[in-house]
Amino acid sequence: MKLSAFFEEDRLAVDAALDRLLPAETIQPVSIHTAMRYSVFAGGKRMRPILCLETARIFSSDLSPALHPACALEFIHTYSLIHDDLPALDNDDLRRGKPTCHKKFGEALAILAGDGLLTLAFETIGATPVPAERRAAILTEVAGAAGTVNGMVGGQVADIEAERKAVDEKMLEYIHRAKTAALIRASVTAGALCAGAGAEDVGRLRRFGETIGWAFQVTDDILDVEESSAALGKTAGKDLAQQKATYPAVYGLERSHQIASELATKAIAELSPYAERAARLREIAEFLVLRRT
Ligand code: FPP
Ligand code: MG
């Protein structure tokens, strides 16, 4: 799939902002800032920040305030990958094509680098140059999505507790929506809130984000079966080896492809009131389910 130039433009803007917002490697303690920077700059696709910026674009031509929540979401996402890879969780040696944080720096620093990134995320949102009520709304959205009630930590708990168990469709849906869709939903709503969207638009975009985030994790499950470790930059085939609750395990590969595409269609339908203003968001939504990495 050929990506439009805006993906690369957004990625460059996000990378420059991440570099500005992360403490320099020379700042004490040097070891943790080196570990945090190593994982943030290990080569992620930056989909959450791009979703945040491109949602903000529907409501405002000045995207610079949205770079704050955009980077905060990438900090939280990177923390979640560092902790997910730890021996106590999924125990992986490879992430974003490089040794995982704990392989490179040891377990103690990897745990603390994750903690540091999570904390920096909220400091970053707190410094967003928008009116205080918008900042508060973004904080509430993002904290909830990262948390235990229908959020990422809750989903991760359910994910590890579902290993080697027969999981029903309802539990599978809960895991995917909490573990992955919640943070993607917050990436969309944070962009909308930052750019001053009203309640009706935020509600509509929340449904878009939730549904495309769910489709994204179904696609992630499919890629774990269909792609190589080299293509994914992480160990492929791991879900089956760990007997994880995944869409291919519960529905089979063919039906999983159908589900991902039905969810993407449903998500994109939410964007119809924005017509051309949501052209980029529509393209991102298509990419999230057609991607091969
Ligand atoms: C890949 O994103 C990541 C996911 C599909 C999310 C999986 C969920 C977790 C790891 C939650 C872990 C939670 C805790 C609390 C430890 P991506 O394809 O955007 O990765 P990239 O940024 O490397 O491109
Ligand atoms: Mg995991």
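The coordinates are above.
Conventions we followed
Residues numbered from 1 in each chain as written. Chains lettered and ligands numbered in written order. Predicted model: local features only at pLDDT ≥ 70, side-chain atom pairs only at ≥ 80, totals over all residues. Heavy atoms only, no water. Near = heavy atom within 4 Å. Polar contact = N/O pair within 3.5 Å; in protein donor to acceptor, adjacent residues only side chain to side chain. Areas by Shrake-Rupley, 256 points an atom, 1.4 Å probe, with all protein chains shown as cover. Helix = DSSP H or I, 4+ residues; strand = E, 2+ residues; numbered from the N terminus. Nonpolar A, V, L, I, M, F, W, Y, C, P; charged D, E, K, R; others polar. Phe/Tyr/Trp six-rings, centres within 6.5 Å; stacked < 30°, edge-to-face > 60°. Lys NZ or Arg CZ within 6 Å of the ring centre and 35° of its normal.

### Some thoughts on the site of ligand 1
Here's step 1: In the vicinity of ligand 1 there are 19 residues, among which Lys45, Arg48, His77, Arg96 and Gln217 approach most closely.
Here's step 2: At 2.5 Å, a side-chain N or O of lysine 45 approaches an oxygen atom of ligand 1.
Here's step 3: Arginine 96 has a polar side-chain atom sitting 2.7 Å from an oxygen atom of ligand 1.
Here's step 4: Look at ligand 1: alone it shows 640 Å² of surface, and the protein chains cover 92% of it.
Here's step 5: Only α4 (67-84), α8 (152-161), α9 (169-194) and α10 (199-226) provide two or more residues apiece to the shell around ligand 1.
Here's step 6: Sorting elements by how many residues they give to the shell around ligand 1 places α4 first, with 6 residues.
Here's step 7: When the residues that make up the shell around ligand 1 are grouped by side-chain class, the tally is 5 nonpolar, 7 polar and 7 charged.

### With respect to the packing of aromatic side chains
Here's step 1: In this structure the tally under the stated criterion is 5 aromatic pairs.
Here's step 2: Taking the centre distance of 5.3 Å and the plane angle of 10 degrees together, the rings of tyrosine 247 and tyrosine 251 count as stacked. Separated by 4 residues within a single helix, tyrosine 247 and tyrosine 251 lie in helix α13 (residues 247-251), roughly one turn from each other.
Here's step 3: Here arginine 291 stacks its cationic end above the ring of phenylalanine 216, 3.9 Å away from the centre of that ring.

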